[in-house]
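The primary structure of each chain is shown beneath.
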Amino acid sequence: MGIELIALLVMLGVVVGLLAGLLGIGGGLLVVPALLFLLPKAGVATEIVMHLALATSLATIIITSTSSAFNHLKLGNVDLFVVKWLLPGVLLGGFLGAVVAEWIPNQYLPKVFGVIVLLLSIQMAFSIQARSNHPMPKPWVTLICGSGIGIISTLAGIGGGSLSVPFLNRHGVEMRKAVGSSAVCGLVIALSGMVGFILHGYQLENLPDYSIGYVYLPALLAIASTSMFTTRIGAKWASQLPTATLKRFFAIFLMFVALTMLLQ
């Protein structure tokens, strides 16, 4: 990997951190398409580039979101009862997402990502933070929902906040605790998904140097080196800028990304 490519990944980390702190979203929505474009320039084989992009994206989420999850725990923003029932599902789903990614033919995996991002962009554009008094579903239903959130999140290389926050808020969890509980669950999704990708890619012979399974360490370190710090800046900006408007603009950008992936 050349210096120019490393510089681009470092700059990507700056943007990812700012948006994560400002909008409360996982950086995977940007990291995956960026790596899909950049990694072939580092000589990564096209048949594994999407798997590397997803796995590396999940690894960056682990690094950048760990502090967020612990801060929410310290502030009491985590509903431990909710997490107790949702966590097994997202843990299982995160791992299964890596299994499903192995089953999907290489040429279709970017299309799957495109569909997921398109649906998330629509949800982001039209989401209203409406509170609901619906009780949490039965444990087995919550397990199934959590597994679905984990599988979809791993296939998109994201932490799943775009899915878990609306789910929790709809079932009576106040927004503050929905976001905090989602941060903890997102960390677990990213961890289990990354482990799944490492195990499935560990025996491959055409992986680039400095890879652990499908996780490409140079890209991971370059992105995380800046995103860890700019997340704090984004969080400060969140109280000063019109976040709802920014989310809608970002949703439009995501629609463009999704359509580009679907039409290529």
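Residues numbered from 1 in each chain as written. Predicted model: local features only at pLDDT ≥ 70, side-chain atom pairs only at ≥ 80, totals over all residues. Heavy atoms only, no water.

- As annotated in an unreviewed UniProt entry, the protein carries the name Probable membrane transporter protein and is attributed to Vibrio cincinnatiensis DSM 19608.
- Taken verbatim from the UniProt record of the protein, the Sequence similarities (unreviewed entry) comment is "Belongs to the 4-toluene sulfonate uptake permease (TSUP) (TC 2.A.102) family." (UniProt positions renumbered as here; feature names shortened; annotations may be inferred.)

1. Remarks on the overall build of the protein
Then step 1. Along the protein, the regular secondary structure elements total ten helices and two strands.
Then step 2. Each helix and strand of the protein, ordered N terminal to C terminal, gives the series α-α-α-α-α-α-α-α-β-β-α-α.
Then step 3. Relative to the 2.2 N^0.38 estimate, which gives 18 Å for 264 residues, the radius of gyration of the protein is 17 Å and therefore close to what a compact globule would have.
Then step 4. Overall, the protein is about 50 × 40 × 35 Å in size when its C-alpha atoms are taken along their principal axes.
Then step 5. The proportion of buried residues among the 264 residues of the protein is 50%.
Then step 6. Look at the contacts in the protein between residues 6 or more apart in sequence, and 81% of them connect residues 24 or more apart. (Helix = DSSP H or I, 4+ residues; strand = E, 2+ residues; numbered from the N terminus. Rg over C-alpha atoms; globule rule 2.2 N^0.38 Å. Buried < 20%, exposed > 50% of the residue type's maximum accessible area, 1.4 Å probe, protein only. Contact = heavy atoms within 4.5 Å.)

2. Quick word on helix H4 (residues 80-103)
Then step 1. The end-to-end C-alpha distance of H4 is 34 Å, a good match for the 34 Å that 24 residues give at a rise of 1.5 Å each.
Then step 2. Here the buried face of H4 lies against helix H3 (49-74), helix H5 (109-126), helix H6 (139-156), helix H7 (161-170) and helix H8 (175-201).
Then step 3. At the N-terminal end of H4, a side-chain oxygen is found 3.1 Å from the backbone nitrogen of Phe-81, two or three residues along, and the residue is Asp-79. (Expected span 1.5 Å × (residues − 1). Polar contact = N/O pair within 3.5 Å; in protein donor to acceptor, adjacent residues only side chain to side chain.)

3. Describing the packing of helix H2 (residues 28-38) against H5
Then step 1. Remark: H2 packs on H5, axes separated minimally by 12 Å, with the N-to-C direction vectors making an angle of 150 degrees. Here H5 runs roughly antiparallel to H2, going by the angle between their axes. The way H2 lies across H5 gives a crossing that is left-handed. For the pair H2 and H5, contact is made by Gly-28, Leu-29, Val-32, Pro-33 and Leu-36 and by Pro-110, Phe-113, Val-117 and Leu-120, respectively.
Then step 2. A breakdown of the residues in the contact of H2 with H5 according to their chemical character gives eight nonpolar, one polar and no charged. (Axes fitted to C-alpha atoms, helices over the stretch in contact; angles between N-to-C directions. Parallel < 35°, antiparallel > 145°, perpendicular 65-115°, else oblique. Left-handed = near helix turned anticlockwise from the far one by under 90°. Nonpolar A, V, L, I, M, F, W, Y, C, P; charged D, E, K, R; others polar.)

4. Observations concerning the nonpolar core
Then step 1. If you look at the biggest cluster of nonpolar residues, it comprises 63 residues, and the most contacted ones within it are Leu-9, Leu-35, Met-50, Leu-52 and Phe-197.
Then step 2. If you tally residues by element for this core, the top one is H3, at eleven residues.
Then step 3. The residues contacting Phe-197, other than those within four sequence positions of it, are His-51, Leu-54, Ala-55, Leu-58, Ala-98, Ala-101, Thr-154, Gly-213 and Tyr-214.
Then step 4. Judged by nonpolar contacts, the second largest core, of 13 residues, contains Phe-167, Met-175, Ala-178 and Cys-185. (Core = buried A, V, L, I, M, F, W, Y, C linked by side-chain atoms within 4.5 Å.)

5. Some details on the UniProt feature "transmembrane region" (unreviewed entry) in the protein
Then step 1. Within this numbering scheme, the UniProt entry marks residues 6-39, 51-70, 82-101, 108-128, 140-167, 179-202, 214-234 and 246-263 as carrying the feature "transmembrane region" (unreviewed entry).
Then step 2. Taken end to end, residues 82-101 is 100% helix and 0% strand, and its two terminal C-alpha atoms sit 28 Å from one another.

6. Things to note about the packing of H6 against H8
Then step 1. It is the contact of H6 with H8, at a shortest axis distance of 10 Å, that shows an interaxial angle of 60 degrees. Viewed along their axes, H6 and H8 adopt a mutual orientation that is oblique. Note on packing geometry: the crossing formed by H6 with H8 is right-handed. Contacts from Ile-149, Gly-150, Ser-153 and Thr-154 in H6 reach Ile-189, Gly-193 and Phe-197 in H8.
Then step 2. When the residues that make up the contact of H6 with H8 are grouped by side-chain class, the tally is three nonpolar, four polar and no charged.

7. Remarks on a nonpolar patch on the surface
Then step 1. A contiguous nonpolar surface patch, about 480 Å² in accessible area, is contributed by Leu-92, Phe-95, Leu-96, Leu-191, Val-195 and Leu-199.
Then step 2. Listed by contribution, the elements that provide at least two residues to the nonpolar patch are H4 and H8.
Then step 3. Within the secondary structure, Val-195 is located in helix H8.
Then step 4. Residue class for Val-195 comes out partly exposed when judged on its relative accessible area of 35%. (Patch = residues over 30% accessible without salt bridge, like charges linked within 9 Å, V, L, I, M, F, W, Y side chains within 5 Å. Areas by Shrake-Rupley, 256 points an atom, 1.4 Å probe, with all protein chains shown as cover. Salt bridge = Lys/Arg side-chain N within 4 Å of Asp/Glu carboxyl O.)

8. Focus on the environment of Leu-96
Then step 1. Secondary-structure assignment places Leu-96 in helix H4.
Then step 2. On the basis of relative accessible area, Leu-96 is assigned to the partly exposed category, the value being 32%.
Then step 3. Sequence separation between Leu-96 and Ser-147 is 51 residues, and the spatial gap between their C-alpha atoms is 8.3 Å.

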